[in-house]
Amino acid sequence: MMIADDTLKLSLDNNKKKTLKSHLMNSLLFEDRILLSDSQIIGNRNFRKLIRDNDELINCLTPENFSIGIRDSIDIRTETAGSPQIIEKPNIIEVLQGFISWDKCKWTSSSNDTLTKENYQKLFDIQYIEGKAKLERYSLGDASATYADDVLRLFDSEIIKQRIGKELCDLIHTIAREWRESHKSYRYPKSGLGMAFFLNDLPTMLKKRHKKNLWKQYQKEIIDIAQASYLTTLPKILNCNIIYGSMHKDKIEISRGLLAKIERIDDDIFYDSWLRLLDFEEGISRLKADDIAKLRESTEYKEYRKKINQFNGSEKALKEVKESLFQYKSLIDELIITKFPCFRSPRKEKREKFQSLAILSGLSTYGGLFLSGLALATSFTGMNLMALGLGITSFFTSPRDQKEDIKERRLIETDKQRIIEELNKSNSQKIEAEVSVLTGNQFSKEVFFKSIT
């Protein structure tokens, strides 16, 4: 779940907490299991707020559907001079302590409603969530070496040389080789690189070589290229499918040609729903843990996962995937409409477009693995892809196709729900009334409150 990265607004902006929850709930509905990294768990302020609020999302998580990718060692900076303390096979509390010792917290020092920098160091929520997850251990050394190989392959590609110049690409290769050689150790025999190399070491070394002007001119491009490979490293190490958001589009586009080739294997397909997409987002965010468990235990869910996992690229198999997907999606829609009738659209429309994709790996790391799946071409606010059994890379669409009137309607619905909740708290007398829906000759039951407001 790269949209849970602890540097993004979905993680750090309290106004995005509900959207983050919807993305995670959606993944629980469609995937076998979801995985967050240890740094995402620790640094994602909104996720930790959901834990502390005892949110329904957290109640949905179990070791059967939720994993935490955790490193095989952590360095803890000590007050005395010398090498840092190294803890092998740390638990997530020890990872947090290592982060604290190196001051890796990106949270603000003060806040009105969200967790503060001081709260970053508290342990109880981290301890609680660790008990609800399966721990997937990964090697920091392998991650560092994999990242170094991938990012340097990018700087050696013709497309990047055309973008920032052959001289700078060659120079980065030379500096990186020297740096890797000087940082070999028994812990990191393969040696590697990290984002810190591109943010701190590289500009210093370019300055020493009197190439400060190159760094000044191409700083943004270099960091974008470095981050493109960073986004793919851990999923590769842990053999995960990746769900990206639109905020990653530019960076992933940089490396797409080297990562994988994407081909459509069928025409676009449409799913007819009584739920508008934004109402679907709101609906799944309101579901209870029992609702999620019921859906995951349903015959429709099991059949969908079976068809996705057994998909072999044939037309027959693709048809079976579509049919199982739409049957399962209908089950979800029906549950949301049953529990929240106000979300039902006045008429059934083709509101969701799926694209059938085939992905052929371009890197030996994946062994030429052939993966296929369905990508939802429209998705939630701030994210333009739901990968359904997709894997490796993602297909993006423009967020500008969302109409302004839908955004405005959502604001109205949000205000309406807020008012209803407030009136419920005040035990206002309720009046039920039949109101005519203007679009068509249908009627919808609305609840009104007898109140001064």
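Since this is a predicted model, take the numbers as computed values, not measurements. (Residues numbered from 1 in each chain as written. Predicted model: local features only at pLDDT ≥ 70, side-chain atom pairs only at ≥ 80, totals over all residues. Heavy atoms only, no water.)

Moving on, we come to the overall build of the protein chain. Secondary structure summary: the protein chain contains 18 helices and 12 strands in total. Counting only residues that meet the buried cut, the protein chain has 50% of its 453 residues in that class. Long-range pairs, those at least 24 residues apart, make up 71% of the contacts in the protein chain between residues at least 6 apart in sequence. As presented, the protein chain carries roughly 23000 Å² of accessible surface, and 50% of it is formed by carbon and sulfur atoms. (Helix = DSSP H or I, 4+ residues; strand = E, 2+ residues; numbered from the N terminus. Buried < 20%, exposed > 50% of the residue type's maximum accessible area, 1.4 Å probe, protein only. Contact = heavy atoms within 4.5 Å. Areas by Shrake-Rupley, 256 points an atom, 1.4 Å probe, with all protein chains shown as cover.)

Under the counting rule described, the total for this entry stands at 26 salt bridges. Note that Glu31 is salt-bridged to Arg305, the shortest N-O span being 3.4 Å. Here the residue Glu31 occupies a position in the loop between α2 (17-30) and β1 (34-37), and Arg305 occupies one in helix α16 (residues 299-309), the gap between them amounting to 274 residues. Its relative accessible area of 11% is what places Glu31 among the buried residues. For Asp291, the salt bridge goes to Lys339, with nearest N and O atoms at 3.4 Å. Residue Asp291 is located in helix α15 (residues 289-296), and its partner Lys339 is located in helix α17 (residues 315-339); the two are separated by 48 residues in the primary sequence. Overall, the relative accessible area of 10% leaves Asp291 in the buried class. Each of Lys17, Lys49 and Asp53 takes part in salt bridges that share partners, so that together they form one network. (Salt bridge = Lys/Arg side-chain N within 4 Å of Asp/Glu carboxyl O.)

At a closest axis distance of 9 Å, the pairing of α2 and α15 adopts a crossing angle of 30°. By the angle class used here, α2 and α15 are roughly parallel. Along the contact surface, α2 presents Met25, Leu28 and Leu29, while α15 presents Ile292, Leu295 and Arg296. Residues belonging to the contact of α2 with α15 are distributed by class as follows: five nonpolar, no polar and one charged. (Axes fitted to C-alpha atoms, helices over the stretch in contact; angles between N-to-C directions. Parallel < 35°, antiparallel > 145°, perpendicular 65-115°, else oblique. Nonpolar A, V, L, I, M, F, W, Y, C, P; charged D, E, K, R; others polar.)

What follows covers the confidence of the model for the protein chain. When pLDDT is averaged across the protein chain, the result is 78; 71% of the residues are at 70 or more. Taken element by element, the protein chain is modelled with least confidence in strand β10 (residues 386-388), mean pLDDT 38, and with most confidence in strand β2 (residues 66-71), mean pLDDT 97. Predicted confidence is poor over residues 359-373, with pLDDT under 50, and the contacts of this stretch with residues over four places away or in other chains come to 50 contacts. In this model, residues 377-406 is a region of pLDDT below 50 whose contacts with residues beyond four sequence positions or in other chains number 112 contacts. (pLDDT = per-residue confidence, 0-100.)

Turning next to the sheet that holds strand β5 (residues 134-138). Reading across the sheet, the three strands line up as β1-β2-β5 and stay open at both edges, with parallel pairing between neighbours. Each having just a single partner strand, β1 and β5 make up the two edges of the open sheet. Within the sheet, the average angular offset between the axes of one strand and its neighbour, ignoring direction, is 30°. Alignment of β2 against β5, held across five bridges, turns out to be parallel. Bridged to Ser67 within β5 is Lys134. (Pairing = 2+ DSSP bridges.)

Bringing the packing of helix α11 (residues 195-208) against helix α12 (residues 212-237) into the picture now. Relative orientation and spacing of two packed helices are given, respectively, by the angle between their axes and the distance between those axes. Their axes nearest at 10 Å, the elements α11 and α12 cross at an angle of 160°. Between α11 and α12, the angle is such that the two are roughly antiparallel. The crossing of α11 and α12 is right-handed. Touching Met195, Phe198, Leu199, Leu202, Pro203, Leu206 and Lys207 of α11 are Lys212, Trp215, Ile222, Ile223, Ala226, Gln227 and Tyr230, all from α12. Classifying every residue of the contact of α11 with α12 gives 11 nonpolar, one polar and two charged. (Left-handed = near helix turned anticlockwise from the far one by under 90°.)

Topologically, Leu325 is positioned in helix α17. Its relative accessible area of 0% is what places Leu325 among the buried residues. Along the chain, Leu325 and Tyr304 lie 21 residues apart, while their C-alpha atoms are 5.6 Å from each other.

A few words on the nonpolar core. In terms of nonpolar packing, the biggest core is built from 66 residues, with Ile41, Phe47, Phe66, Ile129, Ile332 and Ile336 touching the most fellow members. The leading source of residues in this core is α17, at 10 residues. What Phe47 contacts, discounting residues up to four positions off in sequence, is Leu20, Leu24, Leu36, Ile41, Leu57, Ile58, Leu61, Phe66 and Ile129. (Core = buried A, V, L, I, M, F, W, Y, C linked by side-chain atoms within 4.5 Å.)

Residue His210 is not a glycine yet carries a positive backbone phi of 60°. Checked against the element boundaries, His210 lands in the loop between α11 and α12. Despite not being glycine, Asn239 shows a phi value in the positive range, around 55°. One can find Asn239 in the loop between α12 and α13 (249-259). The class of Asn239 is exposed, set by a relative accessible area of 70%.

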